[in-house]
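# What the coordinates show
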Amino acid sequence: ATTLYQGNVTNNKSAGTVTMLSDLYLGIYNQTLTLTAGTLNLNGKIVYLYNSANGTGTLTGPGASSTFTVAGTGNLTCYNYSQANSASILAFSGTATLQTLLNFTLSNGTFYSTNATVNIDGTFTLSGGTFNAPAGTMYVAGGWSHPTAGTFTHNSGTVTFNGSAI
């Protein structure tokens, strides 16, 4: 496993794929993993953003007008997920699990999780953009906020509110 205690990671690859060869732990100082462009193949590995002291560690969705693909199997775990750029697309092409230990926020762009598992151990907020839910079960432990903006596409899946998504 690789552990990074200070510094942030940005995946910005215009062609080809970054393939994980070991687990990656980002922690202690409010790290972010920014998915700017390209493809990340989890390859059965774990990417974990954490800060146990204050519950931070943010996975940031693609930049404006770019598409980012998470391929393969594995776990992508963070405290918060945020996607705010217009015309950005985050697509899970494999069966990876996205686990947020706090909140998931989509305020712009498109999020595809058709084959992925999505577990939110906090609040789901859809205030803009399009969220394409998994075809299976999506777990939400906290609140659900979907005001008038944004589109939720259910894909014939199920949303389960269970008090704990873990």
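Residues numbered from 1 in each chain as written. Predicted model: local features only at pLDDT ≥ 70, side-chain atom pairs only at ≥ 80, totals over all residues. Heavy atoms only, no water.

## Let's talk about the overall build of the protein
If you tally the helices and strands in the protein, you get zero helices and 19 strands. Each principal axis of the C-alpha atoms in the protein carries an extent, and together these give about 40 × 35 × 25 Å. For the protein, with 166 residues in total, the buried portion stands at 42%. A sequence separation of at least 24 residues applies to 33% of the contacts in the protein between residues at least 6 apart. Carbon and sulfur atoms make up 49% of the accessible area of the protein, which totals about 7100 Å². (Helix = DSSP H or I, 4+ residues; strand = E, 2+ residues; numbered from the N terminus. Buried < 20%, exposed > 50% of the residue type's maximum accessible area, 1.4 Å probe, protein only. Contact = heavy atoms within 4.5 Å. Areas by Shrake-Rupley, 256 points an atom, 1.4 Å probe, with all protein chains shown as cover.)

## Observations regarding the side chain of Asn11
Note that Asn11 resides in strand β2 (residues 9-12). According to the relative accessible area criterion, Asn11 is buried, its value standing at 8%. With sequence-adjacent residues up to four places away left out, Asn11 is seen in contact with Val18, Thr34, Leu35, Thr36, Ala37, Thr39, Leu40 and Phe68.

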